[in-house]
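Summary of the model geometry
Now for the letters of each chain:
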Amino acid sequence: TYKEQLPSLFRFNEILIISDGIEARAGTITSERERFMQWKTINGEKPKKGLTEIEVLLKGMCDKKRILDIIRNFIVFEKDKETKKKLVAYHQYWAVNKAFESTSNARKGNKKAGVVWHTQGSGKSLTMVFYSGKLVRGFDNPTIIVLTDRNDLDDQLFGTFGKCKNILRQEPIQAYDRKDLQKLLKVSSGGVVFTTIQKFFPEEDREKYPILSERDNIVVIADEA
């Protein structure tokens, strides 16, 4: 009732927690009931036996450092027919932070950040959005390349990123062809570029693909690598 009659009261509300003192779920003001989810770990590892759900959630998600990280980097406004506020799930949170740490190390080392393994329906697209948002904040205005092998996947991911552009601080862009892709990647900084892997094939009259940049803050996210 309050949400319908006085929506401005909830404009700055970030997280809602529902609990009976034992079980606990977290979501947002626009979350459907099934989207209120458990927070299943305290520090990324399996919690000790005997802890209630509310204890794990309070010690895990509501830890001072983590809750500030979540509010800053892990809540998105997905704008479609209506605006929905979406909160990260616990597995997405740990995956993104581990991937970000691995990417930071790879930047100084062999440039290979690693692989995030997903199950179907685990929110892969939003995980990629959260990861990209953290990169934008932490990598000196990087260029992010989102790579797929099919046009329909490219369109689908591009749509998700476009709905969550606030966390990216910029409009994502789709490369139309090889020349457009090369132009987009020759920039000095910034950009979230979507492309299929086929656009990286060399031109018919060239044996090798030209070097587009020597920067160390270009991150390639390969979907279904």
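Further up the page is the structure itself.
Here we summarise the structure given alongside this text. The residue count restarts for each chain, going from 1 along the sequence in the order it is written. In keeping with the model being predicted, local features are shown solely for residues with a pLDDT of at least 70 and side-chain atom pairs are shown and tallied solely at 80 or more, while totals for entire chains, interfaces and linings include all residues. Computation of side-chain values covers all heavy atoms of the structure but excludes hydrogens and water.

Description of the sheet that holds strand S5 (residues 143-148)
- Within the open sheet, the four strands sit side by side as S6-S7-S5-S8. Their pairing is parallel. The sheet terminates laterally at strand S6 (173-174) and strand S8 (218-222), the two strands that pair on one side only.
- When S5 meets strand S7 (residues 192-196), the two strands line up parallel, connected through five bridges. Counted as the bridge partner of Thr-148 is Thr-196 from S7.
- A contact between two residues is defined here by any heavy atoms of the two lying within 4.5 Å. Here, axes are lines fitted to C-alpha atoms. For helices the fit covers the stretch in contact, and angles between N-to-C directions go from 0 to 180 degrees. A run of H or I in DSSP counts as a helix once it spans at least four residues, and a run of E counts as a strand once it spans at least two, with each numbered from the N terminus. Packed onto the sheet, helix H5 (residues 124-138) meets S5 and S8 and runs at close to 175 degrees relative to S8.
- The strands touched by helix H8 (residues 178-185) are S5, S6 and S7; relative to S7, the strand with the most contacts, the crossing angle is about 155 degrees. Note on pairing: two strands pair once DSSP finds at least 2 bridges between them.

Some points on the environment of Phe-161
- Tracing the sequence through the fold places Phe-161 in helix H6 (residues 151-163).
- Taking the C-alpha atoms as reference points, Phe-161 and Glu-171, separated by 10 residues in sequence, lie 8.5 Å from one another.
- Sequence-distant contacts of Phe-161, defined by excluding residues within four places in its chain, comprise Ser-125, Met-128, Val-129, Ser-132, Val-146, Leu-168, Pro-172, Val-192 and Phe-194.

Topic: helix H2 (residues 53-60)
- Those residues of H2 that sit buried are Ile-54, Val-56, Leu-57 and Gly-60. Buried positions in H2, seen along its axis, are confined to an arc of 160 degrees and lie on one side of it.
- Residues of H2 that are buried in the fold lie against strand S1 (16-19), strand S2 (24-27) and helix H3 (64-73). Note on classification: 1.4 Å probe, protein chains only; a residue is buried when its accessible area is under 20% of the maximum for its type, exposed when over 50%, partly exposed between these limits. Arc definition: directions from the helix axis to the C-beta atoms.

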